[in-house]
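Summary of structural features
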Amino acid sequence: MAILGYRDAAPRHRAAFLRDHGIDVLIGLPVDDEFWADAEADGFTVLPVWEAAEHAQIAQSY
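These numbers come from a predicted model, not from an experiment.

Attention now goes to the pattern of salt bridges. Note on pairing: side chains with opposite charge can pair once their charged atoms come close. The tally for this structure, following the rule as stated, stands at 3 salt bridges. A salt bridge links arginine 7 to aspartate 33, with the shortest nitrogen-to-oxygen separation between them at 3.8 Å. In this pair, arginine 7 is assigned in the loop between strand E1 (2-4) and helix H1 (9-20) and aspartate 33 in the loop between strand E2 (26-29) and helix H2 (36-41), connecting sequence segments 26 residues apart. On the accessibility criterion, aspartate 33 (16% relative accessible area) is buried. With a closest N to O distance of 3.3 Å, aspartate 38 and arginine 12 form a salt bridge. In this pair, aspartate 38 is assigned in helix H2 and arginine 12 in helix H1, connecting sequence segments 26 residues apart. A residue is classified by how much of its surface remains accessible, and aspartate 38, at 30% relative accessible area, is partly exposed. With relative accessibility at 26%, the residue arginine 12 sits in the partly exposed group.

Written as structure tokens, this is what we have:
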């Protein structure tokens with residue numbers, strides 16, 4: 001699953017919830033996004049938006 005966006009609490013909580021329930025989660029962000037490092041620090045694989053969407057079976061945008 002790809003979560004596209006990581007700026008607000010909602011995508012952060014959704015990504016953590018899914019990961020905690022055994023779902024592989026990618027975070028899709030623009031390459032220069034200020035939250036890229038935050039998502040990596042939270043333990044997620046972060047990819048450019050379109051790349052994350054291509055690798056996922058399901059994508060949810062925020």
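Mapped onto the elements of the fold, leucine 26 is located in strand E2. On the accessibility criterion, leucine 26 (18% relative accessible area) is buried. Once the C-alpha coordinates of leucine 26 and alanine 10 are considered, the two residues, 16 residues apart in sequence, prove to be 15 Å apart. Ignoring sequence-local partners within four residues, the contact set of leucine 26 consists of Met1, Ala2, Ile3, Thr45, Leu47, Ala52 and His55.

Each value, and the rule that gives it
- Residues numbered from 1 in each chain as written.
- Predicted model: local features only at pLDDT ≥ 70, side-chain atom pairs only at ≥ 80, totals over all residues.
- Heavy atoms only, no water.
- Salt bridge = Lys/Arg side-chain N within 4 Å of Asp/Glu carboxyl O.
- Helix = DSSP H or I, 4+ residues; strand = E, 2+ residues; numbered from the N terminus.
- Buried < 20%, exposed > 50% of the residue type's maximum accessible area, 1.4 Å probe, protein only.
- Contact = heavy atoms within 4.5 Å.

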